[in-house]
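Now for the letters of each chain:
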Amino acid sequence: GVPRWQTQARLFGARPARILTPESPAAVRAAVTEAAARDLRVRMVGGGFAVGPVAVCDGILLRPDALTRMEWLDPEVILVAAGVTLAALVTELQAAGRGLDGLAGPAAATLAGAVSTAGYGPRAPLSNSVQALHLVGADGASQRVASDQPLARAAMGGLGAFGLITAVELRTLPTCSDEVTTTVATFDDALDSWREWDTTAHWLRMLWVPGSRRVAIHRGVRTPAGQGALSTAQPTIAEPRWRRRLGLAVPLVLPRLNRDAVVGSPNGSQTHVAWSAGVAHGTT
């Protein structure tokens, strides 16, 4: 029979009617057409690192493992197929001396998965680097959608609800380093300081858990490669499975403890993290 598919943490899974590994966008379109004819749901998974059942499917489940094409459309834009892992993408970018405005996450995560789930980690949004998405819709038709179009904006973080991503066009930039300063403050103080921070940082991100009185502010200051603490990129290493399962279980069992863990460092504390080619790889 068809094997059971599970997320990396083994907290969510299903036994689909079929599991397919399409080798081209045309094969993805054929799978969507088949699913429609059989009145089945169809979903495409990534590396399975999402923290919920977003890709769980009991119909036709598509694995992107064979969609691994990468092609430079010009010196600054690269076309990356859905199944390319972040580790493989970083290797390609390094060879070209290029980077992305925002990219972080487990080495085995796929690019399409990172785009569909709005990515990982404290950094500039990965959507900053997207020039266009190649999507297959519910009718089996494929289209290229520029990143400034409403459909593309909805699909970036849309968890697959607005079409299956078969490839992404990424705008790259010369390899650089971001020094990321993390500050924990009260929500009101963060709002009061936001305009000042905005004038001194290349990008800002605020993380807040409802019910908590504090927020974590990440501020990125960019320098060219070689001037920062580190200038070579390495993908982040995936956490051990037991840590991922524990991390997902804590908010369900001990929500108060989870809030403290997310923004629980002392007020005003700061840490500096070196980034390069858009991928986190060290702490200074």
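Remember, predicted model here, so these are calculated numbers, not experimental data. (Residues numbered from 1 in each chain as written. Predicted model: local features only at pLDDT ≥ 70, side-chain atom pairs only at ≥ 80, totals over all residues. Heavy atoms only, no water.)

Moving on, we come to the overall build of the chain. On a plain count of helices and strands, the chain comes out with 7 helices and 17 strands. Per-residue burial over the chain gives 42% buried out of 284 residues. Of the contacts formed within the chain by residues at least 6 apart in sequence, a portion of 64% connects residues at least 24 apart. When the accessible surface of the chain is split by element, carbon and sulfur atoms take 54% of a total near 14,000 Å². (Helix = DSSP H or I, 4+ residues; strand = E, 2+ residues; numbered from the N terminus. Buried < 20%, exposed > 50% of the residue type's maximum accessible area, 1.4 Å probe, protein only. Contact = heavy atoms within 4.5 Å. Areas by Shrake-Rupley, 256 points an atom, 1.4 Å probe, with all protein chains shown as cover.)

Counting 35 residues, the largest nonpolar core has Leu62, Leu89, Leu111, Val115, Leu133, Val168 and Leu170 as the members making the most contacts within it. Judged by nonpolar contacts, the second largest core, of 7 residues, contains Ala14, Ala55, Cys57 and Leu61. (Core = buried A, V, L, I, M, F, W, Y, C linked by side-chain atoms within 4.5 Å.)

Summed over all chains, the structure comprises 5 salt bridges. As a salt-bridge pair, Arg63 and Asp65 come within 3.4 Å of each other at their nearest N and O atoms. By relative accessible area, Arg63 is classed as partly exposed at 29%. Among the residues examined, Asp65 registers a relative accessible area of 45% and is labelled partly exposed. Here Arg69 ties to Glu71 by a salt bridge, and the two come within 2.0 Å at their closest N and O atoms. Take Glu71: its relative accessible area is 30%, and that puts it in the partly exposed class. Connected through salt bridges with shared partners, the residues Arg18, Glu34 and Arg38 form a single ionic network. (Salt bridge = Lys/Arg side-chain N within 4 Å of Asp/Glu carboxyl O.)

It is worth spelling out the sheet that holds strand S11 (residues 164-171) at this point. The strand order across the open sheet formed by 5 strands is S6-S7-S11-S9-S10, and the pairing between neighbours is antiparallel. Two strands bound the open sheet, and with one partner strand each, they are strand S6 (70-74) and strand S10 (142-146). Strand-to-strand twist across the sheet, computed as the mean angle between neighbouring axes with direction ignored, equals 20 degrees. The sheet contact formed by strand S9 (residues 130-136) and S10 spans 5 bridges and is antiparallel. Paired with Val136 across the two strands is Ser142, which belongs to S10. Each of S6, strand S7 (77-81) and S11 touches helix H2 (residues 86-96); the most contacted strand, S6, lies at about 40 degrees to it. (Pairing = 2+ DSSP bridges. Axes fitted to C-alpha atoms, helices over the stretch in contact; angles between N-to-C directions.)

The strands that make up a sheet are held in pairs by hydrogen bonds between backbone atoms, and each pair lies either parallel or antiparallel. Strand order in the open sheet made by the 3 strands is S3-S5-S4, with parallel pairing throughout. Unpaired on one side and paired on the other, strand S3 (18-20) and strand S4 (42-44) mark the two borders of the sheet. Here the strands of the sheet are splayed against their neighbours by 20 degrees on average, with no regard to which way each runs. Pairing analysis gives 3 bridges linking S4 to strand S5 (residues 60-62), with the strands arranged parallel. When the sheet's bridge partners are listed, Met44 is paired in S5 with Leu62.

To continue, consider the side chain of Arg219. By the secondary structure assignment, Arg219 is in strand S15 (residues 214-224). The side chain of Arg219 is buried and forms no salt bridge, while Glu196, the nearest opposite charge, is found at 6.8 Å. A distance of 3.0 Å separates the side chain of Arg219 from the side chain of Thr183, its partner in a polar contact. (Lys, Arg positive; Asp, Glu negative; His and termini not counted. Polar contact = N/O pair within 3.5 Å; in protein donor to acceptor, adjacent residues only side chain to side chain.)

Another aspect to go through is the pairing of S7. Counting buried residues along S7, 5 of its 5 residues qualify, which places the element largely inside the surrounding structure. Alternating residues of S7 divide into Val77, Leu79 and Ala81 and Ile78 and Val80, and every residue in both groups is buried. Two elements, S6 and S7, share 4 bridges in a ladder whose sense is antiparallel. Bridge pairing links Met70 to Val80 in S7. In this antiparallel pair of consecutive strands, S6 and S7, the connection spans 2 residues. Pairing analysis gives 5 bridges linking S7 to S11, with the strands arranged antiparallel. Looking at S11, one finds that Ala81 is bridged to Ala167.

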